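# Structural overview
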Amino acid sequence: MIKPTRHTNPDYSVINISAYIIKLLKAQYSIEYDKLLGKVCNELGEKAKENYPYALNFLFLLDKIKYLEKTDTFIFNEAK
């Protein structure tokens, strides 16, 4: 999903969605999963919903976000 094809719209790419998520998490301390999904869909469009889980996985694997299970929220992982 990260490697684009000629049919890939850059607005709905994993990289673009990830960048938007980081921007939101830097502005707020924490965001719930559903609220974050709503903000992504409102700003980038409903087609971004398809790559939303991949963007979260991408950021989690890069250790850029943390998931808090008790509150179902994400927080930005500050640089170490």
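So, here's what we can say about the structure. (Residues numbered from 1 in each chain as written. Predicted model: local features only at pLDDT ≥ 70, side-chain atom pairs only at ≥ 80, totals over all residues. Heavy atoms only, no water.)

### Observations regarding the nonpolar core
Counting residues in each nonpolar core, the largest one holds 21 residues, and the members touching the most others are Ile-17, Ile-21, Leu-25, Leu-36, Val-40, Tyr-52 and Leu-56. Mapped by element, the contributors of at least two residues to this core are α1 (14-27), α2 (33-44), α3 (52-61) and β3 (73-76). The dominant element in this core, judged by the number of residues it contributes, is α1, at 7 residues. Ile-21 has contacts with Leu-36, Val-40, Tyr-52, Ala-55, Leu-56 and Leu-59, leaving out every residue within four places of it along the chain. (Core = buried A, V, L, I, M, F, W, Y, C linked by side-chain atoms within 4.5 Å. Buried < 20%, exposed > 50% of the residue type's maximum accessible area, 1.4 Å probe, protein only. Helix = DSSP H or I, 4+ residues; strand = E, 2+ residues; numbered from the N terminus. Contact = heavy atoms within 4.5 Å.)

### Quick look at the packing of aromatic side chains
Using the criterion set out here, one finds 3 aromatic pairs in the structure. Ring plane angle 40 degrees and centroid distance 6.1 Å describe the contact between Tyr-33 and Phe-74, whose orientation is recorded as tilted. One end of the pair, Tyr-33, is in helix α2; the other, Phe-74, is in strand β3, with 41 residues separating them in the sequence. Looking at Tyr-33, the relative accessible area reads 27%, which means it is partly exposed. Overall, the relative accessible area of 7% leaves Phe-74 in the buried class. With 5.2 Å between their ring centres and 50 degrees between their planes, Tyr-67 and Phe-74 make a pair best called tilted. Residue Tyr-67 is classed as partly exposed on the basis of its relative accessible area of 38%. Here the aromatic residues Tyr-33, Tyr-52, Tyr-67 and Phe-74 are joined through ring pairs into a cluster of three or more. (Phe/Tyr/Trp six-rings, centres within 6.5 Å; stacked < 30°, edge-to-face > 60°.)

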